[in-house]
Amino acid sequence: AQSVTQLDSHVSVSEGTPVLLRCNYSSSYSPSLFWYVQHPNKGLQLLLKYTSAATLVKGINGFEAEFKKSETSFHLTKPSAHMSDAAEYFCVVSDQGDNDMRFGAGTRLTVKP
Amino acid sequence: DTAVSQTPKYLVTQMGNDKSIKCEQNLGHDTMYWYKQDSKKFLKIMFSYNNKELIINETVPNRFSPKSPDKAHLNLHINSLELGDSAVYFCASSRGLAGGYEQFFGPGTRLTVL
């Protein structure tokens, strides 16, 4: 069975500085990995996904994530934070071919002016 | 055009009542889901339907019952509401079963049980 751990419940950065949101996973088979973003009072929106193609995945709004099998990690990064990036971020793992998706507990990103 | 829509957006009701939340997707997807998000933002999958068949039924009380009249709709009925049912409920859909497929989420229904 798969599981996912988001290592930080809250990350605070200043506008214009880099963002790093950390995610570790465990999976029995070939995992699919996703990052979703949830803005206040909104539904979740896909940022990016990894499904066994390139290990460096680029997503929307300048975000990217790197799949590192040896470290079982899928950290989300962005070179320069914008105020509009303030939101809740969820890392999700699913074994390909499996019906089950596991959501992390979420990381709340705060961006200070 | 809204891809996944839910009604109502807000629902306030008394303990013991029965209520329903409706969900519709216009993406032509085969699979739909219901999630519960608690006050700490933790997301828990409740049900998924693939081509109108129940695929996942997590440890959810049988007071909760999903109903799928067709592939585009997955409604959630809740009987005998309890205080602990207060949460935000999200509907989602995907092209196929979970692994590898992006899920598209509705805007959520905030349920408050008094």
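Everything here concerns the structure above.
Residues numbered from 1 in each chain as written. Chains lettered and ligands numbered in written order. Predicted model: local features only at pLDDT ≥ 70, side-chain atom pairs only at ≥ 80, totals over all residues. Heavy atoms only, no water.

Caption draft 1: Local environment of the overall build of chain A. Counting secondary structure elements, chain A contains 0 helices and 12 strands. Each helix and strand of chain A, ordered N terminal to C terminal, gives the series β-β-β-β-β-β-β-β-β-β-β-β. Relative to the globule expectation of 13 Å for 113 residues, the C-alpha radius of gyration of chain A, 13 Å, shows essentially globular dimensions. Overall, the C-alpha framework of chain A stretches about 40 × 25 × 20 Å when taken along its three principal axes. Across chain A, contacts joining residues at least 24 apart in sequence account for 58% of those joining residues at least 6 apart. Of the roughly 5,300 Å² of accessible surface on chain A, a fraction of 50% belongs to carbon and sulfur atoms. (Helix = DSSP H or I, 4+ residues; strand = E, 2+ residues; numbered from the N terminus. Rg over C-alpha atoms; globule rule 2.2 N^0.38 Å. Contact = heavy atoms within 4.5 Å. Areas by Shrake-Rupley, 256 points an atom, 1.4 Å probe, with all protein chains shown as cover.)

Caption draft 2: Region of interest: the pattern of salt bridges. Tallying each qualifying case throughout the model produces 6 salt bridges over all chains. D85(A) serves as the salt-bridge partner of K78(A), at 2.8 Å between the closest nitrogen and oxygen. Accessibility classification places K78(A) together with D85(A) in one group, the buried group. Through salt bridges that share partners, R63(B), E82(B) and D85(B) make up one connected network. (Salt bridge = Lys/Arg side-chain N within 4 Å of Asp/Glu carboxyl O. Buried < 20%, exposed > 50% of the residue type's maximum accessible area, 1.4 Å probe, protein only.)

Caption draft 3: Structural context of the pairing of strand β9 (residues 87-94) of chain B. Residue and element names in this part refer to chain B. β9 sits mainly inside the fold: 8 of its 8 residues count as buried. Alternating residues of β9 divide into A87, Y89, C91 and S93 and V88, F90, A92 and S94, and every residue in both groups is buried. With 7 bridges connecting them, strand β4 (residues 31-37) and β9 associate as antiparallel partners. Across the sheet, residue Y33 finds its bridge partner in β9, namely A92. In the sheet, β9 pairs with strand β11 (residues 109-113) via 3 bridges, with the strands oriented antiparallel. By the bridge assignment, Y89 is partnered in β11 with T109. Where β9 and strand β10 (residues 104-105) come together, 2 bridges link them in antiparallel fashion. If you follow A92 over to β10, its bridge partner there is F105. (Pairing = 2+ DSSP bridges.)

Caption draft 4: Spotlight on the sheet that holds strand β8 (residues 73-78) of chain B. Residue and element names in this part refer to chain B. Spatial strand order, β1-β3-β8-β7: 4 strands in an open sheet with antiparallel pairing. On the outer flanks of this sheet lie β1 (4-7) and β7 (64-70), each paired with one strand and no other. Between one strand axis and the next, the sheet turns by 20° as a mean value, whatever way the strands run. Here strand β3 (residues 19-25) pairs with β8 via 4 bridges, running antiparallel. By the bridge assignment for β8, S20 is matched with H77. (Axes fitted to C-alpha atoms, helices over the stretch in contact; angles between N-to-C directions.)

Caption draft 5: Main features of the nonpolar core. In this structure, W35(A), L48(A), F74(A), L76(A) and Y89(A) are the most contacted members of the largest nonpolar core, which totals 26 residues. Here this core takes 4 residues from strand β10 (residues 87-95) of chain A, the largest share from any one element. In terms of nonpolar packing, the next biggest core, distinct from the first, is built from 20 residues, W34(B), M46(B), L74(B) and A87(B) among them. (Core = buried A, V, L, I, M, F, W, Y, C linked by side-chain atoms within 4.5 Å.)

Caption draft 6: Structural view of the environment of S26(A). Residues and elements named next belong to chain A. Residue placement: S26 occurs in strand β4 (residues 23-26). Judged by its relative accessible area of 30%, S26 falls in the partly exposed class. Sequence-wise, S26 and S3 are 23 residues apart; in three dimensions their C-alpha atoms are separated by 5.2 Å. Side chain to side chain, S26 and S3 meet in a polar contact 2.7 Å long. (Polar contact = N/O pair within 3.5 Å; in protein donor to acceptor, adjacent residues only side chain to side chain.)

Caption draft 7: Highlighting the pairing of strand β6 (residues 53-57) of chain B. All names here are of chain B. Bridging between strand β5 (residues 43-50) and β6 involves 4 bridges; their strand directions are antiparallel. Bridge pairing in β6 links N50 to E53. In sequence, β5 turns back onto β6 through a hairpin of 2 residues, with N51 there showing a positive phi of about 50°.

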